[in-house]
Amino acid sequence: MTVEQTLTDKGITLPAAPMPAANYVPFVQTGNLIFVSGQISANEAGLITGKLGDGFSVEDGAAAARRCGLALIAQLKSAIGDLDRVTRVVKLTGFVNSTPDFTDQPKVINGCSDLMVEVFGDAGRHARAAVSAPSLPFGVAVEVEAVFEVA
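Residues numbered from 1 in each chain as written. Predicted model: local features only at pLDDT ≥ 70, side-chain atom pairs only at ≥ 80, totals over all residues. Heavy atoms only, no water.

Enquirer: Any details on the sheet that holds strand β5 (residues 86-97)? Residues and values, ideally.
Expert: Spatial strand order, β1-β2-β7-β5-β6: 5 strands in an open sheet with mixed pairing. Each of the sheet's edge strands pairs with one partner strand only, and the pair in question is β1 (27-30) and β6 (127-133). The mean inter-strand angle of the sheet, taken between neighbouring strand axes irrespective of direction, is 15°. Here 7 bridges tie β5 to β6, and the two strands are oriented parallel to one another. Note that in β6 the partner of N97 across the bridge is A133. Where helix α3 (residues 105-120) meets the sheet, its contacts fall on β5, β6 and β7 (142-150), and the angle it forms with β5 comes to roughly 160°. (Pairing = 2+ DSSP bridges. Helix = DSSP H or I, 4+ residues; strand = E, 2+ residues; numbered from the N terminus. Axes fitted to C-alpha atoms, helices over the stretch in contact; angles between N-to-C directions. Contact = heavy atoms within 4.5 Å.)

Here's what the structure looks like:
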């Protein structure tokens, strides 16, 4: 089954690849690796803002991280066209806007990690970091960057 068919079968619609918010490019390819710049949590209604540990639940954070994952895949598709060229999700780095005492960053970033496995199967299993940040751009709840290997 193709990645596009998997997306369709699972009812997953990719957003348009977001434009950069500052002086950087959305992705860089070097050799077989695609480095996708950090994608911030947003949905059709706009930015998903909030601070984990201060009225923003782990479940809401995981949903925000999933939205970051959708944006990552959208950027990847704009970079390579055919998502079936993906041979591996190499690494995710997730940043969680959270209070100093919040310690469930891994559970939040699972929202993105789970999406990668759902879409790419075993090739979606990856190395990862999930870290706290005292604030993120525009007050968003989550930002995730990724490295993909392509054929």
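Enquirer: Help me get a handle on the side chain of S41, residues and values and all.
Expert: Residue position: S41 is located in the loop between β2 (33-40) and β3 (42-43). On the basis of relative accessible area, S41 is assigned to the buried category, the value being 0%. Side-chain polar atoms of S41 contact the backbone nitrogen of A141, separated by 3.4 Å. Leave out the neighbours within four places in its chain, and S41 touches L47, I48, A64, C68, V140, A141 and V142. (Buried < 20%, exposed > 50% of the residue type's maximum accessible area, 1.4 Å probe, protein only. Polar contact = N/O pair within 3.5 Å; in protein donor to acceptor, adjacent residues only side chain to side chain.)

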